[in-house]
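Results of the structural survey
So you can see what is in the structure, the chains are spelled out below.
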Amino acid sequence: PTFAKKIAGAPKAELHIHIEGSLEPELIFKLAKRNGVKLAYDSIEALRAAYAFTDLQSFLDIYYAGATVLLTEEDFYEMTAAYVERALADHVVHAEIFFDPQTHTERGVSIATAVAGIERALAVAERRGLTSRLILCFLRHLSEEDALTTFEAALPVFDEYAHRLVGVGLDSSERGHPPSKFERVFAKARARGLKTVAHAGEEGPPSYVYEALDLLEVDRIDHGVRSIEDPALVARLAETRVPLTVCPLSNLKLRVFDDMKQHTLKTLLSHGVAVTINSDDPAYFGGYVNANYLSAAEALDLTDAEVHTILRNGFEASFVPADERAASI
Ligand code: ES4
Ligand code: ZN
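Each residue is numbered by its place in its chain's sequence as written, counting from 1. By the order in which they are written, chains take letters starting at A while ligands take numbers starting at 1. Local features in this predicted model are restricted to residues of pLDDT 70 or higher, and side-chain atom pairs are both shown and tallied only at a pLDDT of 80 or more, whereas totals for entire chains, interfaces and linings draw on every residue.

1. Regarding the UniProt feature "binding site: substrate" (unreviewed entry) in the protein chain
UniProt positions are given in the numbering used here, feature names are shortened, and annotations may be inferred rather than shown by experiment. Under the UniProt annotation, "binding site: substrate" (unreviewed entry) lies at Asp-281. For the purposes of this entry, the term helix denotes a DSSP run of H or I that reaches at least four residues, the term strand denotes a run of E that reaches at least two, and both are numbered from the N terminus. Tracing the sequence through the fold places Asp-281 in the loop between strand S8 (275–277) and helix H14 (282–285). With C-beta atoms placed from the backbone, a contact is any residue pair whose C-beta atoms sit within 7 Å. Not counting chain neighbours up to four residues away, the residues in contact with Asp-281 comprise His-18, Gly-21, Tyr-63 and Ser-250.

2. A look at the packing of helix H5 (residues 73–89) against helix H7 (residues 111–126)
Fitted lines through C-alpha atoms serve as axes, helices being fitted only where they are in contact, and the angles separating the N-to-C directions of these axes extend from 0 to 180 degrees. Interhelical geometry of H5 versus H7 gives an angle of 35° and a closest axis separation of 7 Å. Crossing geometry of H5 relative to H7 is assigned as right-handed. Seen from H5, the contacting residues are Glu-73, Glu-74, Asp-75, Phe-76, Tyr-77, Thr-80, Ala-81 and Val-84; seen from H7, they are Thr-113, Ala-114, Ala-116, Gly-117, Ile-118, Arg-120, Ala-121, Leu-122 and Ala-125. For the contact of H5 with H7, the per-class residue count stands at 10 nonpolar, 3 polar and 4 charged. Two helices crossing with the near one rotated counterclockwise from the far one by less than a right angle form a left-handed crossing, whereas a clockwise rotation gives a right-handed crossing. Gly falls in the polar group here, along with every residue not listed as nonpolar (Ala, Val, Leu, Ile, Met, Phe, Trp, Tyr, Cys, Pro) or charged (Asp, Glu, Lys, Arg).

3. Let's talk about the environment of Ile-7
Its location among the elements puts Ile-7 in helix H1 (residues 3–9). Classification of Ile-7 as buried rests on a count of 24 C-beta atoms within 10 Å. When the C-alpha atoms of Ile-7 and Met-260 are compared, they prove to be 18 Å apart, with 253 residues separating the residues in sequence. Sequence-distant contacts of Ile-7, that is, excluding residues within four places in its chain, are made with Tyr-293, Leu-294, Ala-297 and Val-307. Counts of 20 or more other C-beta atoms within 10 Å of a residue's own C-beta define buried residues, counts of 12 or fewer define exposed ones, and intermediate counts define partly exposed ones; C-beta atoms are placed from the backbone.

4. Some points on the UniProt feature "binding site: Zn(2+)" (unreviewed entry) in the protein chain
Those residues carrying the UniProt feature "binding site: Zn(2+)" (unreviewed entry) are His-16, His-18, His-199 and Asp-280 in this numbering. A maximum C-alpha distance of 11.8 Å among these annotated residues, which run over 265 residues, shows that they cluster at one spot. Mapping His-18 onto the fold places it in strand S1 (residues 12–18). Aside from chain neighbours lying at most four places away, what touches His-18 is Phe-98, Asp-100, Asp-280 and Asp-281. Mapped onto the fold, Asp-280 is located in the loop between S8 and H14. Excluding its chain neighbours within four sequence positions, the residues that come into contact with Asp-280 are His-16, Ile-17, His-18, Gly-21, Cys-247, Ser-250 and Phe-285.

5. Quick notes on the pairing of strand S5 (residues 195–200)
Looking along a regular strand, one sees side chains alternate from face to face of the sheet. For S5, the buried fraction is high: 5 of the 6 residues fall into the buried class. DSSP calls a pair of strands paired once it identifies at least 2 bridges connecting them. For strand S4 (residues 165–171) and S5, the ladder comprises 2 bridges, and the chain directions are parallel. Counted as the bridge partner of Val-168 is Thr-196 from S5. As for the winding sense of the linkage, the β-α-β connection from S4 through helix H9 (residues 183–191) to S5 is right-handed. Orient the strands so they point away from the viewer, and a crossover whose first-strand-to-second-strand path over the helix runs clockwise is right-handed.

6. Focus on the nonpolar core
Generally speaking, soluble globular proteins have nonpolar side chains that are buried together. The term nonpolar core refers to a set of buried Ala, Val, Leu, Ile, Met, Phe, Trp, Tyr and Cys residues connected through C-beta atoms within 7 Å. Counting 96 residues, the largest nonpolar core has Phe-99, Ile-118, Ala-212 and Val-275 as the members making the most contacts within it. The element contributing the most residues to this core is H7, with 7 residues. Contact partners of Ala-212, with chain neighbours within four places excluded, come to Pro-179, Ala-198, Ala-200, Val-218 and Ile-221.

7. Some points on the sheet that holds S4
Pairing is parallel in the open sheet, where 8 strands are placed in the order S1-S2-S3-S4-S5-S6-S7-S8. Whereas interior strands pair on both sides, the edge strands pair on one side only; in this sheet they are S1 and S8. Across the sheet, the mean angle from the axis of one strand to that of its neighbour is 25°, orientation sign disregarded.

What follows is the structure, encoded as structure tokens:
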């Protein structure tokens, strides 16, 4: 088969996917109608046309508006079941999935409702060869008090779904909201034995990556592509093998890079950093995980060996040991 077909057919681990970012416009409209939620766009086409982002915030505004259609356990189930179909089509065999509880609790939807719906779809997926874990993300534009309240409210859910819900993360508007703001809540999560990740060095500076490593003691950095600006940081990431969950199409759509040819993932990889490729918010950024691999591979002339390394990094960076996953490479 051609190089592209080999990439598409290879078993993959996906470690950076916001489940709310997998809501396709068609499903947003279906759920809006079912739930009587008013949207700011009157057609699927008009909504899709609004997906012309200039930076992270311009995306987040639309992403949070899209998530307002999610009210019932069934809504979370359908959203997750749709993602599972896309993931299986792209030969994803293991996924570690983010969700944003504060987006839902603010609208009166409990963490238990969201997780119950997501879990039901993931349990079905497991029988079809897709293993998965769930990571609860705190919204960094909100206060640490709010994150702490969310964490306390989630404790029974962490207990009930211990087989699935294995970690916490940090997402939303990065600039002006450094990891240091969340030191206490991350310490509490680590004390409970949870894994930790944080978005850092997406739009924010390398100092935010250092903070995520030193103050939050994260197991992985989400994005981290701006680490390239600090050679000492690149050397540290390579030395410690703290993985970066890179999302090429996201970075292009949110103008972190003007052109895919400017993406820093190949250089990071060449310095020995554990780079992985992921889809982030695939319904908004123009493609699921295979499209991300193919776009990066083409623009950066990735070699067969480089693609193989990235695929392997995905499994090695996962929170599930090889003998507990559906498959590996
Ligand atoms: C996100 Cl691309 C990105 N960055 C930060 N927070 C997010 N939440 C959903 N997608
Ligand atoms: Zn993300």
